[in-house]
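Examining the three-dimensional arrangement
Each chain, written out:
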Amino acid sequence: QVQLVESGGGLVQAGGSLRLSCAASGRIFSINVMGWYRQAPGKQRELVAAIEKGRSTNYVDSVKGRFTISRDNAKNTVYLQMNCLNPEDTAVYYCNARVVIAYGSIENDYWGQGTQVTVSS
């Protein structure tokens, strides 16, 4: 079917930067929306940023001005550049893609395995 493989997480000090990548592969006709979610311990998963195929974007308020989402449609890849990180950004970050696998098919959600981002104070 469809696989999403994430990379780029890790440990960084407050004020630092990380760049996450997520590549989609498999049976893909089109990807309408790609996004990043995160889940911190004891909290619900939340949308961090999303980008449509036409590159329209939206962000959760807490990351506006610090994070930038982008995508390479030719590579079915989405990126999240995270700057000015703070300890509140610590979470597991999950890539999401809304994929149409064939012409006329409905859109389905696919998820990556998650990548840990830890920001130390």
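As shown above, the structure is provided for reference.
As the structure is a prediction and not an experimental result, all values here were calculated from the model. (Residues numbered from 1 in each chain as written. Predicted model: local features only at pLDDT ≥ 70, side-chain atom pairs only at ≥ 80, totals over all residues. Heavy atoms only, no water.)

1. Some thoughts on the packing of aromatic side chains
Filter applied, for reference: In this analysis, rings of Phe, Tyr and Trp, with Trp reduced to its six-membered ring, are considered paired at centre separations within 6.5 Å, and the interplanar angle assigns stacked below 30 degrees, edge-to-face beyond 60, and tilted for intermediate values. Here a helix means four or more residues in a row that DSSP labels H or I, a strand means two or more in a row labelled E, and each is numbered from the N terminus. To sort residues, take the accessible area from a 1.4 Å probe on protein chains only and compare it with the maximum for the residue type: under 20% means buried, over 50% means exposed, and anything in between is partly exposed.
This structure, assessed with the given rule, holds 2 aromatic pairs. Relative to tyrosine 103, the ring of phenylalanine 29 has its centre 6.0 Å away and its plane inclined at 70 degrees; by these criteria the two rings are edge-to-face. Residue phenylalanine 29 is located in the loop between strand 3 (18-26) and strand 4 (30-39), and its partner tyrosine 103 is located in the loop between strand 9 (91-100) and strand 10 (107-111); the two are separated by 74 residues in the primary sequence. Phenylalanine 29 sits in the partly exposed class, given a relative accessible area of 48%. Assessed through its relative accessible area of 73%, tyrosine 103 is described here as exposed.

2. Side note on the side chain of arginine 38
Threshold: Whenever a nitrogen or oxygen atom comes within 3.5 Å of another N or O atom, the pair is scored as a polar contact, on the condition that within protein one atom can donate a hydrogen and the other can accept it, and that pairs from neighbouring residues in sequence are kept only if both atoms are in side chains. Only heavy atoms matter for contacts: two residues are in contact if any of them lie within 4.5 Å across the pair.
Within the element layout of this structure, arginine 38 appears in strand 4. A distance of 3.0 Å separates polar atoms of two side chains, one belonging to arginine 38 and the other to aspartate 89. Side chain to side chain, arginine 38 and tyrosine 93 meet in a polar contact 2.9 Å long. Apart from the residues lying within four places of it in its own chain, the contact partners of arginine 38 are Gln44, Arg45, Glu46, Val48, Ser62, Val63, Phe67, Asp89, Ala91, Val92 and Tyr93.

3. A short note on the pairing of strand 9
Our working definition: By definition, two strands form a pair when at least two bridges between them are found by DSSP.
Summarising burial for strand 9: 8 of the 10 residues are buried, a large majority. With antiparallel pairing between neighbouring strands as the criterion, strand 9 and strand 10 make up a hairpin whose turn holds 6 residues, including glycine 104 at a positive phi of roughly 90 degrees.

4. Things to note about the environment of asparagine 108
With respect to the helices and strands, the residue asparagine 108 is situated in strand 10. Given the relative accessible area of 33%, asparagine 108 is considered partly exposed. A sequence separation of 10 residues divides asparagine 108 from arginine 98, and the C-alpha atoms of the two residues are 5.4 Å apart. When near neighbours in sequence (up to four residues on either side) are disregarded, asparagine 108 contacts Ala97, Arg98 and Val99.

5. A look at the sheet that holds strand 1 (residues 2-7)
Test applied: Orientation is described by lines fitted to C-alpha atoms, with helices fitted over the stretch in contact, and by angles between N-to-C directions that extend from 0 to 180 degrees.
Read from one edge to the other, the open sheet built from 4 strands follows the order 1-3-8-7, with strand pairing classed as antiparallel. Both edges of this open sheet fall to strand 1 and strand 7 (67-72), since each of them pairs with a single strand only. Strand-to-strand twist of the sheet, defined as the mean angle between neighbouring strand axes without regard to direction, takes the value 15 degrees. Where strand 1 lies against strand 3, 6 bridges are found, and the strand directions are antiparallel. Residue pairing in the sheet places glutamine 3 in a bridge with serine 25 of strand 3.

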